[in-house]
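Structural features, examined
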Amino acid sequence: MSTSRRGFLKGVLGTGAAGAASAALPGCAPDINPAPVTDVTASAAGTVDLLVPRYPDLEPVGGAITVRVPGQPTPLLLAHTKNDGGSDDFSTVSSICTHVGCPLGFDGKDVVCPCHLSKFNPRDGSVLQRPATTPLRSFKTTYNPGTRVVSINVLGGDTSFPSVVNGQLTLPFSQFPDLRNNGSSVTGVPSGYGLRIFVFRLEDGTLSAVDSTCTHQQCEVEFNAAESDLVCPCHDSAFTRQGEMVRGHLEPNGSRLPNPPLKKFTVSETADAVIVSGVR
Ligand code: FES
Ligand code: FES
């Protein structure tokens, strides 16, 4: 791996993570590099606006940049393509590979991992080529050709899931009847928060809600029903449904190191709904 690639990994991930990522780079693709990094801030409404001509690495079709936004658990990869009608098109996905956490690049068509050559669709984050099996997060991105401003909504959510209002997420039993049953779960990305949340009714009837962001390198944990735990696809950390660590992440040498618990929310219920508070 080149010195510049090593330096880039440190810049994106920090020294410890860069060491882990660089150790996992036996077969770096010679012509795919992680996209160059820029730091920006989001508006209070969760929108990041970028004037395209200010970013020479983004301006040509096939260009891409890595966008770091304070408060976002992972950097974002913003890619410039053409749509079917031949117009400029921009799309945004999380920029950390879901295989073992390398920063991603763009080959002009697909999002590519320099480490083990996983490929992802830049428009929806779906996996196009293994070894990664978990999709990237995608973010609603719009482009105004008149002003040449591209806008990324970092707090967008699932249209079928309730939004966060004043830090509170209300899940009506009429929409989520399973939440009345012990041993059930509901998951979704609420607008206004922008990250996946899991809500559980445990076997003893108590409720729990946690953020899906893994506390190792910010991949998204998944609920593994067989284990009854939340498991990270990137380095196999596992957490209870209340967010406590069950096992730490795997290091390249096969050892495991502990991680902090997942972010937890306060949960209550009324006769009509489960209410998750502190969703900020
Ligand atoms: S880290 Fe292995 S393919 Fe991306
Ligand atoms: S990101 Fe490494 S175990 Fe989750």
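This structure is a prediction, so every number in the text was calculated from the model and none was measured.

Definitions and cut-offs
Residues numbered from 1 in each chain as written. Chains lettered and ligands numbered in written order. Predicted model: local features only at pLDDT ≥ 70, side-chain atom pairs only at ≥ 80, totals over all residues. Heavy atoms only, no water. Buried < 20%, exposed > 50% of the residue type's maximum accessible area, 1.4 Å probe, protein only. Helix = DSSP H or I, 4+ residues; strand = E, 2+ residues; numbered from the N terminus. Pairing = 2+ DSSP bridges. pLDDT = per-residue confidence, 0-100. Contact = heavy atoms within 4.5 Å. Disulfide = S-S within 2.5 Å. Salt bridge = Lys/Arg side-chain N within 4 Å of Asp/Glu carboxyl O. Axes fitted to C-alpha atoms, helices over the stretch in contact; angles between N-to-C directions. Phe/Tyr/Trp six-rings, centres within 6.5 Å; stacked < 30°, edge-to-face > 60°. Lys NZ or Arg CZ within 6 Å of the ring centre and 35° of its normal.

Some words on the pairing of strand E3 (residues 64-68)
Burial analysis of E3 places 4 of its 5 residues in the buried class, the great majority of the element. Here 3 bridges tie strand E1 (residues 37-39) to E3, and the two strands are oriented parallel to one another. Across the sheet, residue Asp 39 finds its bridge partner in E3, namely Arg 68. Two elements, E3 and strand E4 (residues 76-82), share 4 bridges in a ladder whose sense is antiparallel. Looking at the pairing, Val 67 lines up with Leu 76 of E4.

Considering the confidence of the model for the protein chain
For the protein chain, mean pLDDT is 88; residues scoring 70 or higher make up 89% of the total. Counted against residues more than four places away or in other chains, residues 1-29, with its pLDDT under 50, gives 55 contacts.

Description of the state of the cysteines
One pass over the structure, following the stated rule, counts 2 disulfides. The disulfide that involves Cys 219 links it to Cys 234, with 1.9 Å between the sulfurs. One quick way to see it: the torsion about the S-S bond of Cys 219 and Cys 234 is about -85°, and its sign makes the bridge left-handed. With Cys 219 in the loop between strand E17 (207-211) and strand E18 (222-224) and Cys 234 in the loop between strand E19 (229-231) and strand E20 (238-239), the pair connects residues that are 15 residues apart, well separated along the chain. Look at Cys 234 and you get buried, because its relative accessible area is 4%.

Looking at unusual backbone geometry
Note the cis peptide between Arg 130 and Pro 131, where omega equals 20°. As for its placement among the helices and strands, Pro 131 is situated in the loop between strand E9 (127-129) and strand E10 (138-139). Although it is not a glycine, Asn 166 adopts a positive phi angle of roughly 50°. If you trace the backbone, Asn 166 turns up in the loop between strand E13 (164-165) and strand E14 (168-172).

Remarks on the environment of Lys 140
Along the polypeptide, Lys 140 turns up in the loop between E10 and strand E11 (141-144). By relative accessible area, Lys 140 is classed as exposed at 61%. For the pair formed by Lys 140 and Ser 91, sequence separation is 49 residues and the distance between their alpha carbons is 7.5 Å. Setting aside chain neighbours within four positions, we find Lys 140 in contact with Ser 151, Ile 152 and Asn 153.

Some words on the sheet that holds strand E5 (residues 88-94)
Strand order in this open sheet of 5 strands is E1-E3-E4-E5-E10, and the pairing throughout is mixed. Of all strands in the sheet, those bounded by a partner on one side alone are E1 and E10.

Some details on the pattern of salt bridges
Within the structure shown, the criterion is met by 12 salt bridges. In this structure, Glu 227 and Arg 247 form a salt bridge, with 3.1 Å as the shortest nitrogen-oxygen distance. Here Glu 227 is found in the loop between E18 and E19, whereas its partner Arg 247 is found in strand E21 (residues 245-247), with 20 residues between them in sequence. The network of salt bridges with shared partners includes Glu 227, Asp 236, Arg 247 and Arg 256.

Examining the sheet that holds E11
Taken in spatial order, the 3 strands make up an open sheet running E2-E12-E11, and their pairing is antiparallel. Of all strands in the sheet, those with a lone pairing partner are strand E2 (47-51) and E11, marking the two edges. Here the strands of the sheet are splayed against their neighbours by 20° on average, with no regard to which way each runs. By the bridge criterion, 5 bridges tie E2 to strand E12 (residues 149-153) in an arrangement that is antiparallel. Looking across to E12, one finds that Leu 50 is bridged to Val 150.

Overview of the packing of aromatic side chains
On inspection of all chains with the given rule, the structure shows 5 aromatic pairs. Residues Phe 90 and Tyr 143 carry aromatic rings whose centres are separated by 4.7 Å and whose planes lie at 50° to one another, so their mutual orientation is tilted. With Phe 90 in strand E5 and Tyr 143 in strand E11, the pair connects residues that are 53 residues apart, well separated along the chain. The exposure class assigned to Phe 90 is buried, which follows from its relative accessible area of 4%. One aromatic cluster in this structure is built from Phe 198, Phe 200 and Phe 223. The ring of Phe 173 has Arg 180 sitting right over it, with the charged end atom 4.1 Å from the ring centre.

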